[in-house]
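If you want the building blocks of each chain, they are given just below.
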There are 2 protein chains.
Amino acid sequence: MAESLTDLPRRSVWHGWGDPALARRVPAIAWPFFKALRGLEPSPVDTPPVALGDVRLPEPAVGREALGDLAGVVGPEHVSTERLARIEHAGGKGYPDLFRLRTGDAGRAPDAVVFPGDAGQVAAVVAVCARHGIAVVPFGGGTSVVGGVDPERGRFGAVVSVDLRRLNRLLSVDPVSQTAVLQAGMRGPEVERALAPYGLTLGHVPQSYQQATVGGFLATRSAGQASSGYGRFEDTVVALRLATPTGEAVLGGRAPQGETAAGPRLIDAVIGSEGLLGIVTEVTVQLQRVRPHVRQESWAFRDTEAGFEAFRDMAQALGRGVLPDVSRLSDADETLVVLLQAAAGIPAYGYLRARGWRAPSLAVFQLEDADPRSLAYRRRRLARLLRAHGAVRMPRSIAAHWMSHRFRGPYQRDHLMDRGLFVETIETATTWGSLRDLYGAVQGAVYAALGEKTVLQGHISHLEEGGASLYFTLLARAEEDPIAQWRRLKAAAGDAIMAAGGTITHHHAVGTDHRPWIREELGDMGVRILRAVKDELDPDGIMNPGKLLPD
Amino acid sequence: MAESLTDLPRRSVWHGWGDPALARRVPAIAWPFFKALRGLEPSPVDTPPVALGDVRLPEPAVGREALGDLAGVVGPEHVSTERLARIEHAGGKGYPDLFRLRTGDAGRAPDAVVFPGDAGQVAAVVAVCARHGIAVVPFGGGTSVVGGVDPERGRFGAVVSVDLRRLNRLLSVDPVSQTAVLQAGMRGPEVERALAPYGLTLGHVPQSYQQATVGGFLATRSAGQASSGYGRFEDTVVALRLATPTGEAVLGGRAPQGETAAGPRLIDAVIGSEGLLGIVTEVTVQLQRVRPHVRQESWAFRDTEAGFEAFRDMAQALGRGVLPDVSRLSDADETLVVLLQAAAGIPAYGYLRARGWRAPSLAVFQLEDADPRSLAYRRRRLARLLRAHGAVRMPRSIAAHWMSHRFRGPYQRDHLMDRGLFVETIETATTWGSLRDLYGAVQGAVYAALGEKTVLQGHISHLEEGGASLYFTLLARAEEDPIAQWRRLKAAAGDAIMAAGGTITHHHAVGTDHRPWIREELGDMGVRILRAVKDELDPDGIMNPGKLLPD
């Protein structure tokens, strides 16, 4: 299993997640556990994806002249209308994307896929598409779970997916200022491999890390698991290079992180713009020195409620630099799942029950530090605070097991889908004052939409003084029409999140799936500002139609 | 002397800085010191400002109907065309502003000053001005040193200054999430006074603290002296309420600090927009718990070069949370000035010279912490690092004296001007890799522009992993035409900063003075983005004409 942060797996298979050689089946113990917990029973037999040859695919609608112009820019060998290339770019990795492809529906595939070789070629490709009136979908790792890379045509006759995989080089490093210029197509492991010789790290590790790219991190405001220690990706961006239908430019870069008062921070108009303004081709990022001293810790609370309070106190009393780099509090049901998977988990659970804790809540932490004394100091501060909240220490191996398995979830989803299960995640964030209500509201909405035979696990992470994120993973029996089931769930969860004052997405972005709520999220003035920038840079609207902005 | 952070002095006198009752003369020892250091001699006699009655002021150009409509919104007692009110709003507190007023020139005064009472009235005032085609200048503390509140008419026949002093209330506090909603007209001390009962603090303390307002902090991307510990003001902004000529709205607020991926961070289009989009009336800020344990430290390096290296190592090795909340490294000349003013300074200087350090560099720090053990730990880490860079500990009272006198500088400028001196500051920021060159480039430009008889002091502060800010204070003999002298200096310094790769302003903002370089700073695409947002929210361009954006 690729676990090291510099292991670079093969790119995702067309019908599922990641490198098939690393596929992981769900442990057999899971099935009786789901049944005991919620009465959820998978189908007894596997229903694997259809064969590639059986996938239904429309004829490519892009004209010969346009293809010729694209080939003129990138070379004919880097423009493809072939079956596999189009199917591999037919969508992201959300449940509906995978369900459609597994059942042979690639009706949304792009008409062609272009593989430019550098920033200049990307700019030229965008210009060609603007000239021919072809919609453009930027494609990095293709890991979007919100429809962000769906090749929608909008009002155009054709759509091209621009795959940035060839922009995978570290262009320069400034070891004194600890910054680097990265090409946008670099995947997470490629970044850390390239920086390791300098003793520097980006420290950005979302669950999509092995497949997702720098450009995708930027376009979606990605948050890594260690954001408490390294910041969200957007916090590391010093400058970016953007190719738009009306020209190419570098934004930012004159001052170190935010240390300027020369007008608004305009790179923030591009960060999170999900390809609607143009294609980000190069990013200058702030790096940190590698922290060789790493320690995991596991703790447990009497219940989730006690964990909420302790996590708020951690964020507000310890603060940046002392706070663990990774902090994750599992609710009662997720605690069971995590403990069940770790060797030390089952006896640990028995111990907690013996204390009379009927629904204990598990917290896992990772602390990374340059200085062993500093690491020891931070651990002491953490332990003192957790004990004051009634927490008890659990075997460290539980947190270590979670960390070493953190990239497996998306692989196991494929096996769950083989067994006829409906699998989805819901993520949001809000203030500490609203967190409990939001947690309850989402739980209620999910059970109401999918029924009681739903396995729903939640956790809190990404702590800030003001609040934190909430993340849910859910399993249910797939219905006759799983897409309709999915729509029902998304509508219920989205409405519940907005009603409870949460944000519609903490780190998955908006794409197509969260558009129904974006006007309520940004407000009319916010939408006007975003549309004004869009109209200035992409007046014809060829860039990633149908995403982010409301109609 | 008002030194406590909750002391609220009277508002600034029309011809100088702050509350005249707190005025501080330059210590007598300064004059021989300036002569010995650089051969700089002030005029032997004081030339005080002209009497208020002798200030030349044009007739107000605003029509009776417009005045009536404004009075209809705020009440006749809150609309003024009186002499003093117009003169008090004729400009900010830059050297040219003060020189003009001291010599009786209030030709730039606004035609009227309006004092709305709440956000709704501000929105209505902006609507009235839009209807009548009157330019609007938002006015908070009036502390701009870059012409940011100069009442320019642009293409309009009249200009009104909208003073937010009546919006000085704390509207609400969420003690669980540690956020508060502040009216934009609150001055620094008013904010801390209002938050103290909750045990919370904003921690934003720029040198303008006693006079500057929340709205100004936001509009100019203000950075406080303790930004390493509390962040820049922009880092604390969760949401804002904005009154524009095309409507009013709240932006942001659904998620705690940046914890969302729902499109770009649009409040960042408003933060730093210097009143060009509208008037910010209310701001939701993230607060921190008060840190009762405070400690100052003073250290010295063999030379400025050694200090540069140590400060970079501090920023990159200690990081947020461990780094002191305030860190300031004075170059050789500023070191002399600081030591000269502190009781323990002169013997300390003797000691450093006795070590053979011919041009020592002084560092002052302040650490603030909730936990005495944490404070002690941070001090140990700091001392270890500084000693590794050859620093020696100085009497703590030197740093304590600097901290307790930090608000006096602007007061003493008035006395320096009385004595016929030209006084200016230059501030920028860049990466650690470029910092030395930038420092040398600005020094060279200043001496070339003003001659060798210039007292020029520099310091580094606001440390980040990637770089830091550079700040210079300079004194020279005022020439026959000090405004021409000022223009010559600003042109030389600005060109030198841009050529050396620095940002044109670290925290003073752009206003009118830095506009010549803003296109080079933001790039053509940056200017296009900013103008597109401006045209959307303020299509007629009535908001703060002549600031920030290039013509």
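Just so you know, these numbers come straight off a predicted model, no measurement behind them.

## What about the domain arrangement of chain A?
All names here are of chain A. Each assigned domain of chain A is listed here: domain 1 (170–289) and domain 2 (293–406). When domain 1 packs against domain 2, the two sides together hide about 720 Å² of surface, and 41% of this comes from carbon and sulfur. Ranking the residues of domain 1 by area buried against domain 2 places Gln225, Ser228 and Tyr230 at the top, with a combined share of 64%. Inspection of the region where domain 1 meets domain 2 yields 0 salt bridges. Our count for the domain 1 to domain 2 interface comes out at 4 residue pairs in polar contact (both at pLDDT 80 or more).

## A word on the interface of chain A and chain B
Taken together, the contacts link 88 residues of chain A with 88 residues of chain B. Taken as a group, Arg254(A), Glu259(A) and Met525(A) account for 12% of the area that chain A buries against chain B, more than any other trio of residues on that side. Where chain A touches chain B, the interface holds 12 salt bridges. Among the ionic pairs, Asp371(A) bridges to Arg381(B), the shortest N-O distance being 3.6 Å. Here chain A and chain B share 51 residue pairs in polar contact (both at pLDDT 80 or more) between them. Ranked by residue count, the leading element in the side of chain A that touches chain B is helix H19 (residues 518–537) of chain A, at 13 residues. Class assignment for the residues of the side of chain A that touches chain B results in 33 nonpolar, 31 polar and 24 charged.

## Structural notes on the pattern of salt bridges
Two side chains bearing opposite charge may form a pair once their charged atoms approach each other closely. Per the stated rule, a full pass over the model turns up 72 salt bridges over all chains. Between Glu297(B) and Arg379(B) there is a salt bridge, with the nearest N and O atoms lying 2.4 Å from each other. Of this pair, Glu297(B) sits in strand E12 (residues 293–301) while Arg379(B) sits in helix H14 (residues 372–388), and the two are 82 residues apart along the sequence. A salt bridge links Arg378(B) to Asp369(B); the shortest N-O distance between them is 2.8 Å. Here Arg378(B) matches Asp369(B) in class, with each residue buried. One continuous salt-bridge network, built from bridges that share partners, spans Arg221(A), Arg232(A), Glu234(A) and Glu259(B).

## Considering the nonpolar core
If you look at the biggest cluster of nonpolar residues, it comprises 207 residues, and the most contacted ones within it are Phe311(A), Met314(A), Leu386(A), Phe311(B), Met314(B) and Leu386(B). Discounting chain neighbours no more than four positions away, the residues touching Met314(A) are Gly319(A), Leu323(A), Pro324(A), Ser327(A), Phe365(A), Leu382(A), Leu385(A), Leu386(A) and Leu463(A).

## Remarks on the sheet that holds strand E1 (residues 79–80) of chain B
Residues and elements named next belong to chain B. Here 4 strands make up an open sheet; going across it, the order is E1-E2-E4-E3 and the pairing mixed. Each edge of the open sheet is held by one strand with a lone partner, namely E1 and strand E3 (135–139). In this structure, E1 lies alongside strand E2 (residues 112–114), joined through 2 bridges in antiparallel fashion. Bridge pairing links Ser80 to Val113 in E2.

## Focus: the sheet that holds strand E6 (residues 179–183) of chain B
All names here are of chain B. If you walk across this open sheet you meet the 5 strands as E5-E6-E10-E8-E9, and the pairing is antiparallel. Strands with a single pairing partner mark the edges of an open sheet, and in this sheet they are strand E5 (170–174) and strand E9 (247–252). Between one strand axis and the next, the sheet turns through 10° on average, direction left out of account. With 6 bridges joining them, strand E8 (residues 237–244) and strand E10 (residues 279–286) adopt antiparallel strand pairing. When the bridges of E10 are listed, Ala239 appears paired with Thr284.

Conventions used here
- Residues numbered from 1 in each chain as written.
- Chains lettered and ligands numbered in written order.
- Predicted model: local features only at pLDDT ≥ 70, side-chain atom pairs only at ≥ 80, totals over all residues.
- Heavy atoms only, no water.
- Domains from an automatic or database assignment.
- Buried area = accessible area lost by both parts, 1.4 Å probe.
- Salt bridge = Lys/Arg side-chain N within 4 Å of Asp/Glu carboxyl O.
- Polar contact = N/O pair within 3.5 Å; in protein donor to acceptor, adjacent residues only side chain to side chain.
- Contact = heavy atoms within 4.5 Å.
- Helix = DSSP H or I, 4+ residues; strand = E, 2+ residues; numbered from the N terminus.
- Nonpolar A, V, L, I, M, F, W, Y, C, P; charged D, E, K, R; others polar.
- Buried < 20%, exposed > 50% of the residue type's maximum accessible area, 1.4 Å probe, protein only.
- Core = buried A, V, L, I, M, F, W, Y, C linked by side-chain atoms within 4.5 Å.
- Pairing = 2+ DSSP bridges.
- Axes fitted to C-alpha atoms, helices over the stretch in contact; angles between N-to-C directions.

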